[in-house]
Amino acid sequence: MLVEGPVEVVLDDGTIVRSDRFTVALCTCRRSRTYPWCDTSHRRRGRR
Amino acid sequence: MTDLVTATEAALEGELPGARGELSHGVLNALRAPAGAPLPDPGSAERADPLGDDLQLALYVSYELHYRGFAEVDPAWEWDPALLAVRAAMERRFLHALRDRTAGHPDVHDALDELLVEPVDGTGVSYFLRDEGQLWHLREYAAMRSLYHLKEADPHAWVIPRLHGRAKAAFVAVEFDEFGGGRAERVHARLFADLMADLGLDPSYGRYLDAAPAEMLSNVNLMSLLGLHRAHRGALVGHFATVEVTSSPGSRRLAEAMRRTGAGPAAEHFYAEHVTADAVHEQIVRRDVIGGLLADEPSLASDVAFGIAATTCLEDRLGDRLMAAWQDGSTSLRAPL
Ligand code: FES
Ligand SMILES: [Fe+2]
Ligand SMILES: [Fe+2]
């Protein structure tokens, strides 16, 4: 999900993370290793 | 308040490289004299291997005049009609070879779908570096890639006046991020120079041109070719999309390689930054740059697809060169570092 930056996101444990990129991709699949930012881990896996 | 004048002036231009054959020898010799000096005749481009060292170096040098140029080379060479004629002959050969190797490529939707699938058992350079790369591999990789990353996003900037509306706005937004979002210390080319310093490499512009084989030169030449010709704006956008779409997962593997080998914080940061930056960029490029361009000019769809195919083809060739060398423990460069 793309949202306009800069953004502050409050995580489940209450910590606040910030990105000042012009647009930010938020992870909605929960698989990102850079959560809450999308790192393309949502991609379909398969054979090319 | 930042100083307007910096104490030390870094060299902006690179040095002229050594020749790799008849054609590049002729071009380099001419460049040492004032613009207008005699050049090899365009016919000599016909005899050179289109993807080989000689032609790719001569082409690289003639494009470089549009970027930073070379120390002690007459800037008027940039628009010298006779040099442009030789360049055009080289470009025809290069394009022909690329069309040949990408014949029957998929259409733009299938091509993007393919790029968006993460292979379950991927192989190739970034996997090798993540799993078993040693510092010397990473140094070679960075020296090689410095030909592009020290001018990262510059070749794509040529296309801006040829885009309109949604495509232009989105394209420029991504470029703004590549150029540091208004902060000099965040320009991606600068982040790469910092990575090079971590790896004990010399970040001077053009420093590793002599070391880079044709497989790397052709990669950068493709961007310059597509960027400098309005006729190839569709293919340039295809090139840009390929880089952005494939970058995030590859950058994750390279960040891991940098961390595992203890390459240093700046080395790791360059790739870590590209994991999240390009996860954004690829979505914008697909939706608004390609989407916007093809809404304006639907007839460019096959050019976009060609750009994707040509980029993938040359990237694969570079990957093969790197892996072939490393698998037998030898240097992937023209001379070891
Ligand atoms: S949406 Fe979760 S990684 Fe992209
Ligand atoms: Fe970048
Ligand atoms: Fe990017």
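Refer to the structure printed above.
Residues numbered from 1 in each chain as written. Chains lettered and ligands numbered in written order. Predicted model: local features only at pLDDT ≥ 70, side-chain atom pairs only at ≥ 80, totals over all residues. Heavy atoms only, no water.

1. Some remarks on the coordination of the iron ion (ligand 3)
All names here are of chain B. Coordination of the iron ion (ligand 3) by the protein comes from Glu178 (OE), Glu244 (OE), Glu244 (OE), Asp278 (OD) and His281 (ND1), over a distance range of 2.0 to 2.5 Å. Look at where the donors of the iron ion (ligand 3) fall in the sequence and you get E-x65-E-x33-D-x2-H. Between the iron ion (ligand 3) and the iron ion (ligand 2) the interatomic distance amounts to 4.0 Å, and Glu178 serves as a bridging ligand to the pair. Of this pair, Glu244 sits in helix H12 (residues 233-260) while His281 sits in helix H13 (residues 265-296); the two residues are 37 residues apart in sequence, bridging distant segments of the chain. Neither Glu244 nor His281 differs from the other in exposure class; each is buried. (Donors = N, O, S within 2.8 Å, 3.2 Å for Na, K, Ca; no water. Helix = DSSP H or I, 4+ residues; strand = E, 2+ residues; numbered from the N terminus. Buried < 20%, exposed > 50% of the residue type's maximum accessible area, 1.4 Å probe, protein only.)

2. A closer look at the coordination of the iron ion (ligand 2)
Tetrahedral metal sites with four donors have an ideal angle of 109.5 degrees; octahedral sites with six donors have ideal angles of 90 or 180 degrees. Residues and elements named next belong to chain B. Protein coordination at the iron ion (ligand 2) comes from Glu152 (OE), Glu178 (OE), His188 (ND1) and His274 (NE2), with a distance range of 1.9 to 2.2 Å. Around the iron ion (ligand 2) sit four donor atoms, and with donor-metal-donor angles ranging over 81 to 167° the site reads as irregular. Donor residues for the iron ion (ligand 2), ordered by position in the chain, follow E-x25-E-x9-H-x85-H. (Tetrahedral: all angles 85-135°; square planar, octahedral: opposite > 155°, others 65-115°.)

3. Re the side chain of Glu140(B)
Relative to the helices and strands, Glu140(B) resides in helix H7 (residues 135-149). No salt bridge is formed by the buried Glu140(B). Its closest oppositely charged neighbour is Arg139(B), at 8.1 Å. (Lys, Arg positive; Asp, Glu negative; His and termini not counted. Salt bridge = Lys/Arg side-chain N within 4 Å of Asp/Glu carboxyl O.)

4. Overview of the pattern of salt bridges
For side chains bearing opposite charge, pairing can occur when the charged atoms are close. Under the definition given, this model contains 23 salt bridges over all chains. Counted as one network, the salt bridges with shared partners bring together Arg21(A), Asp177(B) and Glu273(B).

5. So, the packing of aromatic side chains
All names here are of chain B. Within this structure, the stated rule accounts for five aromatic pairs over all chains. Arranged with centres 4.9 Å apart and planes meeting at 90°, the rings of Phe270 and Tyr271 form a pair that is edge-to-face. Residue classification places Phe270 among the buried positions, given a relative accessible area of 1%. You can call Tyr271 buried: its relative accessible area is 4%. (Phe/Tyr/Trp six-rings, centres within 6.5 Å; stacked < 30°, edge-to-face > 60°.)

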